[in-house]
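Secondary and tertiary structure notes
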Amino acid sequence: MLSSGLTLIFSMMGVLNFAHASFYMVGAYVAYALVGVVGFWAALLLAPLMVGLMGAGFERFALRRVHKFGHVPELLITFGLSYVILELVQLVWGRTAVPFTPPEALQGSAFTIISSPTQGMSFALGKAAPELCTAALCSTFPVTRAFMMFVALLMLLALWLLLTRTRVGLVIQASLTHPEMVESLGHNVPRVLMLVFGSGCALAALAGVIGGITFVTEPNMAAIVGSIIFVVVVVGGIGSLAGAFVGSIVIGLLQTLPLTVDASLASALTAIGFTVTPDTPGYPVLRLALKDVAQILPYLLMVLILIFRPKGLLGTRED
C-alpha cells in the first residue's frame, strides 16, 4: 500500500519522497484523533483527504520552489520534512503508543486453519469453536489483515485504471513527459503535479489508518516501514505500479519464510560431505541460521538488483 503511493509520486513527478513514511504515520494519528468524533469508517475516508491536502500544500509552497534546482534539493527537503513531522507528532500525541484499536467489525479472525493429526488440515470461517482446537493445532488469520489485503488490491486496481483508462490519467502522464504541450492544451501542469503529490500522500495516509489499527500507532512506526518501502520500489522497478506489487510480494515472502528455516550454510555443506568445524575459515558466518539473517535478506536482494538489473524486475530503463 505504501509503495504504490511512493511509485505514483516518483513515476509522475520524478521525486523520491523521503517523507512518504511520515505521511503514513500522520494518517494513523489523524484517524485516531477523528475516531472519537466521527467514528472509524468516516475517519478512514477523512484522514487520507486531510493528509492529502497537507501533502498538496507542501508541494505548492515548499517542494515546487526547489524543484528547479534538481533532485538533491528535493531529497533534502523531503528528508527534513520527515524530521519535522516526527517532532510535531511527538509534541501533540507524545512519545508513547496511543490506543488505536480496530472497530468491532474488524476484530476477531477472518478464518481459522485447523490442523488435526486424524482429519488433516481444514478451514473454518470466523472463529473456530474451542472444542475443535482442543485436539488440533489452530492458526487464526485476523480480519484486519484480510481487510488490509483487500484495500491494497483495490488501491492498486484503482490506480491502474485511473492512469491507463481515464482522461485524467493521460493528462497526468503527459504532464511529466510533454509539459509544454499539455499547457498549450489549456491544462495547468503545476496544479496537476500538486494533485499527484497530494494523492500519493493520501494513499500513504490510507495505509497508515489500516496499519495503525493492525499494528501499533506510535512515532516509531514511520521508521519501521520507511526503509523497506524503498527496497520494495527498487526491487520491483522504480516508477512501475506492477513492479511495486510484485516487489512487495517478493520482499514480504523474503522477510517471513526464512524465519521458519533453522538451516545454515554449515549444515548445507555438511549435508553434501564437507566437514565444518569451529576452525573452518568463516565459521562465524557459516553457522548463522537463515532465520537469523532474514531481516537483511531484502537489503541484500536490493544490492543484487542494483548491480545486475538496475531498472528492477518490471521497471524500464531511461536513456
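The coordinates are above.
Residues numbered from 1 in each chain as written. Predicted model: local features only at pLDDT ≥ 70, side-chain atom pairs only at ≥ 80, totals over all residues. Heavy atoms only, no water.

**Some points on the pattern of salt bridges**
Following the criterion strictly, the structure yields 2 salt bridges and no others. The closest approach of N and O atoms between Arg 64 and Glu 59, which form a salt bridge, is 3.2 Å. Judged by relative accessible area, which is 27%, Arg 64 ranks as partly exposed. Put simply, Asp 262 and Lys 291 hold a salt bridge, and the shortest N to O gap is 2.9 Å. Residue Asp 262 is found in the loop between helix H11 (241-256) and helix H12 (265-271), and its partner Lys 291 is found in the loop between helix H13 (283-286) and helix H14 (297-308); the two are separated by 29 residues along the sequence. Of the residues examined, Lys 291 reaches a relative accessible area of 38% and is grouped as partly exposed. (Salt bridge = Lys/Arg side-chain N within 4 Å of Asp/Glu carboxyl O. Buried < 20%, exposed > 50% of the residue type's maximum accessible area, 1.4 Å probe, protein only. Helix = DSSP H or I, 4+ residues; strand = E, 2+ residues; numbered from the N terminus.)

**A closer look at the layout of surface pockets**
One number sums up the size of the largest pocket: a volume of about 1,400 Å³. Along the walls of the largest pocket sit 34 residues, with Met 1, Met 148, Phe 215, Ser 248 and Gly 252 positioned nearest its centre. When residues of the lining of the largest pocket are traced back to their parent elements, those giving at least two are helix H1 (2-13), helix H6 (143-165), helix H9 (189-214), helix H10 (221-236) and H11. Counted by class, the lining of the largest pocket contains 25 nonpolar, 7 polar and 2 charged residues. (1 Å grid on protein atoms, 1.4 Å probe; cavity = no way out; pocket = protein on both sides within 12 Å on 5 of 7 lines; lining within 4 Å. Points joined across faces, edges and corners; volume = space filled by probe spheres on them. Nonpolar A, V, L, I, M, F, W, Y, C, P; charged D, E, K, R; others polar.)

**Some remarks on a nonpolar patch on the surface**
Judged by side-chain polarity, Val 37, Val 38, Leu 46, Leu 49, Met 50 and Met 54 come together as a nonpolar surface patch covering roughly 540 Å² of accessible area. Elements supplying a minimum of two residues to the nonpolar patch: helix H2 (20-38) and helix H3 (40-67). Counting residues per element, the nonpolar patch draws most heavily on H3, which supplies 4 residues. Mapped onto the elements, Leu 46 comes out in helix H3. By relative accessible area, which is 36% here, Leu 46 ends up partly exposed. (Patch = residues over 30% accessible without salt bridge, like charges linked within 9 Å, V, L, I, M, F, W, Y side chains within 5 Å. Areas by Shrake-Rupley, 256 points an atom, 1.4 Å probe, with all protein chains shown as cover.)

**Things to note about the packing of aromatic side chains**
The description of two aromatic rings rests on the distance between their centres and on the angle between their planes. Counting across every chain of the model gives 8 aromatic pairs. For the pair Phe 18 and Phe 79, a centre-to-centre distance of 6.0 Å together with 90 degrees between the ring planes defines the contact as edge-to-face. Taken together, the positions of Phe 18 in the loop between H1 and H2 and Phe 79 in helix H4 (residues 71-93) put the pair 61 residues apart, joining distant regions of the chain. Assessed through its relative accessible area of 34%, Phe 18 is described here as partly exposed. (Phe/Tyr/Trp six-rings, centres within 6.5 Å; stacked < 30°, edge-to-face > 60°.)

**Notes on the environment of Phe 69**
Structurally, Phe 69 can be placed in the loop between H3 and H4. On the accessibility criterion, Phe 69 (59% relative accessible area) is exposed. The spatial distance from the C-alpha of Phe 69 to the C-alpha of Pro 142 is 47 Å, given a sequence separation of 73 residues.

**Side note on the side chain of Glu 74**
Relative to the elements of secondary structure, Glu 74 occurs in helix H4. Here Glu 74 sits buried without a salt bridge, and the closest side chain of opposite charge, Arg 64, lies 10 Å off (N-O distance). Those residues in contact with Glu 74, other than ones at most four positions away along the chain, are Gly 14, Val 15, Leu 63, Val 66 and His 67. (Lys, Arg positive; Asp, Glu negative; His and termini not counted. Contact = heavy atoms within 4.5 Å.)

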